[in-house]
Amino acid sequence: VCVCVCVCVCVLHESMWTPHQRSILSSPLHHYAIKSSHNTCLTGFQYMSKASVDGFRDALRAGCRGIEIDIFDGPAGEPVVHHGPYSMTTCIPLRSVLQVLQEHQGAGSLEHAVRTPLIVSLDIRCSPQVQETVADLLQEVLGGTRFRPL
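About the criteria used
- Residue indices follow the written sequence of each chain, beginning from 1 at its first position.
- Local features in a predicted model are, by the rule used here, given only for residues with pLDDT of at least 70; side-chain atom pairs are given and counted only at 80 or more, and totals for whole chains, interfaces and linings are based on all residues.
- Each side-chain value is derived from all of the structure's non-hydrogen atoms; neither hydrogens nor water enter the calculation.
- Convention adopted: a line fitted to C-alpha atoms gives each axis, helices being fitted over their contacting stretch, and angles between N-to-C directions are expressed from 0 to 180 degrees.
- The way it works is that DSSP assigns letters per residue, a run of H or I at least four long becomes a helix, a run of E at least two long becomes a strand, and they are numbered from the N terminus.
- Oblique is the label for every angle not falling under 35 degrees (roughly parallel), over 145 degrees (roughly antiparallel), or within 65 to 115 degrees (roughly perpendicular).
- Handedness of a crossing is defined here by the sense of rotation of the near helix relative to the far one, left-handed for an anticlockwise turn of less than a right angle and right-handed for a clockwise turn.
- The contact criterion used throughout is that any non-hydrogen atoms of two residues lie within 4.5 Å.
- Gly is put with the polar residues, along with every residue not named as nonpolar or charged; the nonpolar set is Ala, Val, Leu, Ile, Met, Phe, Trp, Tyr, Cys and Pro, and the charged set is Asp, Glu, Lys and Arg.
- For this analysis, a nonpolar core means a set of buried residues of the types Ala, Val, Leu, Ile, Met, Phe, Trp, Tyr and Cys, connected via side-chain atoms within 4.5 Å.
- For each residue, the accessible area found with a 1.4 Å probe, counting protein chains only, is set against the maximum for its type, and the residue is called buried under 20%, exposed over 50%, and partly exposed in between.

Trainee: How should I be thinking about the packing of helix α2 (residues 54-61) against helix α3 (residues 94-104) in this particular structure?
Mentor: In a packed pair of helices, the relevant descriptors are the angle between the two axes and the axis-to-axis distance. Contact geometry of α2 with α3 gives a least axis separation of 9 Å together with a crossing angle of 20°. As summarised for this structure, α2 and α3 are arranged roughly parallel, according to the angle between their axes. As for the relative orientation of α2 and α3, their crossing is right-handed in sense. Judged by residue contacts, Phe 56, Arg 57, Leu 60 and Arg 61 of α2 engage Val 97, Val 100, Leu 101 and His 104 from α3. Broken down by class, the residue content of the contact of α2 with α3 amounts to five nonpolar, one polar and two charged.

Trainee: What is the right way to look at the nonpolar core in this model?
Mentor: Considering soluble globular proteins, one finds that nonpolar side chains tend to be buried as a cluster. Of all hydrophobic cores here, the largest spans 29 residues; its most connected members are Phe 56 and Ile 69. Mapped by element, the contributors of at least two residues to this core are α2, β3 (66-73), α3, β6 (118-125) and α4 (128-142). Element by element, the count of residues in this core is highest for α4, at six residues. Discounting chain neighbours no more than four positions away, the residues touching Ile 69 are Phe 56, Val 81, Leu 94, Val 97, Leu 101, Val 120, Ser 121, Leu 122 and Asp 123.

Trainee: Could you clarify how one ought to interpret the environment of Val 81 in this entry?
Mentor: Tracing the chain through its elements places Val 81 in strand β4 (residues 79-81). Between the C-alpha atom of Val 81 and that of Ile 69, which follows or precedes it by twelve residues, the distance is 6.7 Å. Excluding residues within four positions of it along the chain, Val 81 makes contact with Cys 41, Ala 51, Phe 56, Ile 69, Asp 70, Thr 90, Cys 91, Ile 92, Leu 94 and Val 97.

Shape descriptors only; they carry no functional weight alone.
This is the structure we're talking about:
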């Protein structure tokens, strides 16, 4: 079962935006150029490299506001992030990735003096039981921020 979900992790809730921030961020999403990252967890080649949370940290520090996370069933029913079942890449726990997103969501260039929402694309290829764990982890780790499905 594959479920693709997009969530938005807001650094500042809209009610806390200044009038300048509100004017910059008031257009529909498709009106913006958004720096994004693909295969963010990989440190090298697409099919045979190590997965690391450093890729997410580096992408956020570089100003990426669109992050992709590929999620699969891991050992003991825990969700893991890696490139896929047909690659020889290593896995990292989803919890570790979400913690990096929580810690570094406001990182990067603030060239517009506005912290913009972080858009996270979740490619969830897990069993129904692990999908429930994914939902619980999202709420547990990111629940303190303003995150919502798009």
